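Listed here are the chains, written in short residue letters.
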Amino acid sequence: MDCRYWKKNIRAKQKLNWVALFFFLLGGLVHYPALAQQSIEKQSFESQQHDQRAPRIALVLGGGGARGAAHIGVLEVLERERIPLACVVGTSMGGLAAGAYAAGLSPAEMREKLNKADWTDLFLDSADYSQLGFRKKRVSNRFLSGTELGLTKRGVQIKPGVIAGTKIKLFFNLLVGADYAARNIEEMPIPLALVATDIGTGEKFVFKKGSLPMAMRASMSVPGLMTPIDYEGHKLVDGGLVDNLPVGVARELCNPDIIIAVNVGTPLKPAEEIDSLLSVTTQMIDILAKQNVAQSISTLRSQDIYLEPALGDFSAADFLRYKTAADIGKAAAEAKLDKLKQYSVSESAYADWRHDKKSSQEPIRIDEIAISPLKDQSPEYIKQHIRQKIQKPLDIKNLEQDLIRLYGDGFYENVDYSIESPGEKNILKINAREATWSSDYFIFGFDINNEYRQGTNFDLRAAYRSTWINHHGGELFGSMDIGSNPGFEVELYQPLNYRQTYFVQPSLYRKSEMVNVFQNDEKIAEYEVVRAWSELALGRNLGNFGQMKFAWREYDIKSTSDLSSVELGNSHDKFGGSLFDINIDRRNRLHFPSRGWSTQISYFESTHEGYGKLSSEFNFAYPLDKFVLAGRASYIRSVFGQLPAVDAAYLGGFLNLSAFASNQIIADNALYAHLRGERIIGRMPLGFNGDLRLGLGLEAAKLKNAYTFDETDGWLNSAVIYLGGETPLGPAYLGIGFADDGKFNLYMQVGAH
C-alpha cells in the first residue's frame, strides 16, 4: 500500500476527530443544564426505586383479649420509624387493631377511641334502664336477667351466648367509620385479613371481603360468652381457637419478604387455679390457642421479627388498663428497634404511603331509612324508635341509643345498621334480626328476705312470656310464686296499633302473705291476708319512659287471724272501683341507680266501700364523683272516707322507716321521705352490671289517723347503714336500721323483690 495514501487518511481522520470533538463540546455547553437536570432526576428515580424495592412487610397481630391493646404500642413504634406495611392480618383483639389500622386510624387515634369507650357498658347488652319500654321494666322488676329459657318446637333453648355483642358491634362501626359509608375489607387501603373459627366444622375462616365491623365482631366471639355470628352459612366464633397468630394467612395475602408477628396470648393457669366450669372453659380455649401459636412461630424465618410483649399475668378481661398494655407493647417493639430500623423509608416516601391509606370521612346525609324484612313484627314498631331525620346528617349518637333501646326489648338476636349508597342516594338500613331461638320464654327469679324483727321469707318465682302473638305485638304473661308468699298473676297485653301507642290489658292477680299486726312496738296478731283482683285497663304508653292507664278493678280480700292475743276478727270484702295510674321511670338502673328519677301517681275510688285513695311516690339519684345522692318520698291518704286496713298506708322495713318492722305502721294518712348517700366502693366484673356501695340513709315519717300506732304530732325518725350491690342473683343488701329511742332492726336481702 502507498505510504502517502495511508498518511493522508490518518491526517483526514484526525481532522474529522477534532471537528467531532469541537461540536461535542459545543453541544455539551448548549445542553449542559438539561443534562444536569436529567442527572438529578435519575438520582431521584434511583432513590425512589430503592424505596420501591424495600422488602414487603406483613404485620400479624395475635389475639389475647384486653392484652391485645399492646398492639397499639407496637404500631406507634412502626409509625415513628416510618415502616410501611404491605398487609395486616389479625385474630380476635388483634383483628380489632388490624381492622382499625387498615381503615386509616393512627395509633394515637386508637388510644383516643379506646379512652372514650366504656368497656364495662360495651360488654352489657341491655339498654340503659331508663330507655327500656315499660313492659321490659316490669319484667326486670321481679325476675333475674339472664335466666330466660326459650320454648320452641325443638324443646327448651338457651341463649347462644351470655351477651349478643350488640354494643361491641356498634362500637366497631364507629371505630372504622362505618357511620360514614360502607366499610368493606376488600376496599381497605391496606390489604387486610381477619381470622375466625367455623364452630360447625372446626375449620379456619378467613375474612378477605365483606363488612369490616362484622368480621371484627366475628373474630372475637369468645365461645359461650358472645353469640356466634351467622355469615354465608357459617357460624363463626373467635379465631383464636384455630389460628391465634395467623402467620400463614399473611403469607398467602401479600407474599411478604418480612413478617412482624406480635403474640399477646394468655399464659396457661396453674392446675390449682382451675376450680370452676368457667376456669376450665377458659383454660381449654387458651390451650388450643397456645398450640396453634406454637405452630405459627415454628414457620417464622430468620429475617422475620417476633415480638412477645412482657404482659405477665395481665388479664385478658382487664380492658380498663388498656394504656398499660399499650405501653408494654411499645417497650417490646423498642427492644427490637435495631432490626426494625433497617426497614425505615424516607419521610416523604412514608408520608405518601400513609396519605394513601387515610380514609376521608365527611358527614353523610341520609336520604332514606329502610327496615330489614321481618317475619312476625311490624316495621312500624321499629321505625317509631329511630329518631334519624330524612335529609339530615347521620346522628350517630342518637342512632346507637335507638338501636340499643330496640335490642333491650328482648325481641331481637341482634340490631345493627349499615349505609348503602346506590347511585346518588344514601340509605340508612336498620337490620333487626328477630330472635330465632324463641319468642316464648320461661323466666325465673327468687328473693330471700331475712329481718331481725320479722323472721325470714323466701319465694321462688317463675313466669311464662309469649311475645308477638299477633302483628300488633300482643303479649301473654303469667307468673307464679311459691314459698312464704304464694300467688299468681296473668295478663294479656294487646296494643291497638302498630306503634303500640294504645293498648288494652285484662289481668288477674292473687297473692297470700302473712302480715304481723302491731300495737306500737308490740306484736298482737298474725294474719293471713289473701289479696285478689281482676282488672280491665285501657292505657297509653308514654314513649320509652312510662305508661298511663284507666281501669276498673274488682277486689276480693280475705283476712284470717292465724295467731292473735286479742280478738280482731276475720274479714272478707268484695268491692270494685275505678283506677287511674301513671308511672314514669327515667332511672338508669332499677336497683342502685346512679342518675335519673321515677314517679308514680295513682288514684282508686270505690263508691261501694265509700273511700278514695291517693298514692304517690318519687325517687331520684344524682351522681357526685364516686358518690351517689339519692332519695325517696311517698304520700298516701284518703281523699274521702277512711282507708280500709287492707288498702291503707304501710310503713316499716328496709328503707321504708328501717328501725321499724315491715308493715309495723298502718295509717289512713302517711308522708314518708328519706335521703341517702352511697359511696361506690367496687364494681362487678366485666360482663355484669352494677356496683358495690356503702350507704347511709336518714328517714322521717308523719302520720295521721294511724291504726297500729299511737297518734303523734311529731315526726318518726330512723336511720340506716347498709352495704349493697347489684349481683347476678339480683340486688343484695346487708343493713341495720335504728332510731334515737333504741329501736333497731337488722336486714339481709338477696334477689329480685
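Residues numbered from 1 in each chain as written. Predicted model: local features only at pLDDT ≥ 70, side-chain atom pairs only at ≥ 80, totals over all residues. Heavy atoms only, no water.

1. Description of the overall build of the chain
Regarding its fold elements, the chain presents 15 helices and 32 strands. Buried residues in the chain amount to 49% of all 753 residues. Across the chain, every contact between residues at least 6 apart in sequence was considered, and the portion connecting residues at least 24 apart equals 64%. Accessible area of the chain: about 35900 Å², with a carbon and sulfur share of 57%. (Helix = DSSP H or I, 4+ residues; strand = E, 2+ residues; numbered from the N terminus. Buried < 20%, exposed > 50% of the residue type's maximum accessible area, 1.4 Å probe, protein only. Contact = heavy atoms within 4.5 Å. Areas by Shrake-Rupley, 256 points an atom, 1.4 Å probe, with all protein chains shown as cover.)

2. A short note on the pattern of salt bridges
Taken as a whole and assessed by the stated rule, the structure comprises 36 salt bridges. Residue Lys341 is joined to Glu81 by a salt bridge in which the shortest nitrogen-to-oxygen separation is 3.0 Å. Taken together, the residues Lys341 in helix α12 (residues 337–341) and Glu81 in the loop between α2 (70–80) and β2 (87–91) connect sequence positions 260 residues apart. The salt bridge involving Arg135 is made with Glu491; its shortest N-O contact spans 2.7 Å. (Salt bridge = Lys/Arg side-chain N within 4 Å of Asp/Glu carboxyl O.)

3. Some thoughts on the packing of aromatic side chains
Aromatic ring pairs are reported here in terms of the distance separating the ring centres and the angle at which the planes meet. For the coordinates displayed, the defined rule picks out 26 aromatic pairs. Taken together, Phe592, Phe654, Tyr722, Tyr733 and Tyr747 form an aromatic cluster joined through their ring pairs. Sitting over the face of the ring of Tyr129, Lys137 holds its NZ or CZ atom 5.5 Å from the ring centroid. When the ring centre of Trp533 is taken as reference, the NZ or CZ atom of Arg553 above it lies at 4.0 Å. (Phe/Tyr/Trp six-rings, centres within 6.5 Å; stacked < 30°, edge-to-face > 60°. Lys NZ or Arg CZ within 6 Å of the ring centre and 35° of its normal.)

4. Digging into the UniProt feature "active site" (unreviewed entry) in the chain
UniProt marks Ser92 and Asp238 with the feature "active site" (unreviewed entry), using the numbering shown here. For the residues just named, distributed over 147 residues, the greatest C-alpha separation is only 6.1 Å, placing them together at one site. Looking at the element boundaries, Ser92 is found in the loop between β2 and α3 (93–102). On the basis of relative accessibility, which here comes to 6%, the residue Ser92 falls in the buried class. What Ser92 contacts, discounting residues up to four positions off in sequence, is Gly63, Val195, Ser219, Met220 and Asp238. (UniProt positions renumbered as here; feature names shortened; annotations may be inferred.)

5. Things to note about the packing of α2 against helix α11 (residues 322–335)
Between α2 and α11, the shortest axis-to-axis distance is 6 Å and the interhelical angle comes to 45°. Classed by the angle they form, the pair α2 and α11 counts as oblique. Here α2 runs over α11; the crossing is right-handed. Touching Ala70, Ile72, Gly73, Val74, Glu76, Val77 and Arg80 of α2 are Ala325, Ala326, Gly329, Lys330, Ala333 and Glu334, all from α11. The residue makeup of the contact of α2 with α11, split by class, is seven nonpolar, two polar and four charged. (Axes fitted to C-alpha atoms, helices over the stretch in contact; angles between N-to-C directions. Parallel < 35°, antiparallel > 145°, perpendicular 65-115°, else oblique. Left-handed = near helix turned anticlockwise from the far one by under 90°. Nonpolar A, V, L, I, M, F, W, Y, C, P; charged D, E, K, R; others polar.)

6. Considering the environment of Gly730
If you trace the backbone, Gly730 turns up in strand β31 (residues 730–738). Counting along the chain gives 139 residues from Gly730 to His591, while the straight-line C-alpha distance between them is 8.5 Å. Other than its neighbours up to four places away in sequence, Gly730 contacts Leu144, Gly725 and Gly751.

7. Comments concerning the pairing of strand β32 (residues 744–751)
Judged from the five bridges that link them, strand β16 (residues 440–451) and β32 form a sheet pairing that is antiparallel. The residue bridging Glu451 from the neighbouring strand is Tyr747, located in β32. Where β31 meets β32, seven bridges bridge the pair, whose relative direction is antiparallel. Residue pairing across strands places Leu734 opposite Met748, the latter belonging to β32. The turn linking β31 back onto β32 is made up of five residues, and Gly742 within it adopts a positive phi angle of 100°. (Pairing = 2+ DSSP bridges.)

8. Overview of the UniProt feature "short sequence motif: GXGXXG" (unreviewed entry) in the chain
In the UniProt entry, the feature "short sequence motif: GXGXXG" (unreviewed entry) is given for residues 63–68. What you have in residues 63–68 is 0% helix and 0% strand, and the ends, taken at the C-alpha atoms, are 6 Å apart.

9. A short note on a nonpolar patch on the surface
Side chains of Tyr452, Ile681, Leu692, Leu694, Leu696, Ile721, Leu723, Leu734, Ile736, Phe738, Phe744 and Leu746 sit close together on the surface and give an oily, nonpolar patch of about 1000 Å² of accessible area. Counting only elements with at least two residues in the nonpolar patch, the list comes to β29 (691–706), β30 (716–727), β31 and β32. Assignment of secondary structure puts Leu746 in strand β32. (Patch = residues over 30% accessible without salt bridge, like charges linked within 9 Å, V, L, I, M, F, W, Y side chains within 5 Å.)

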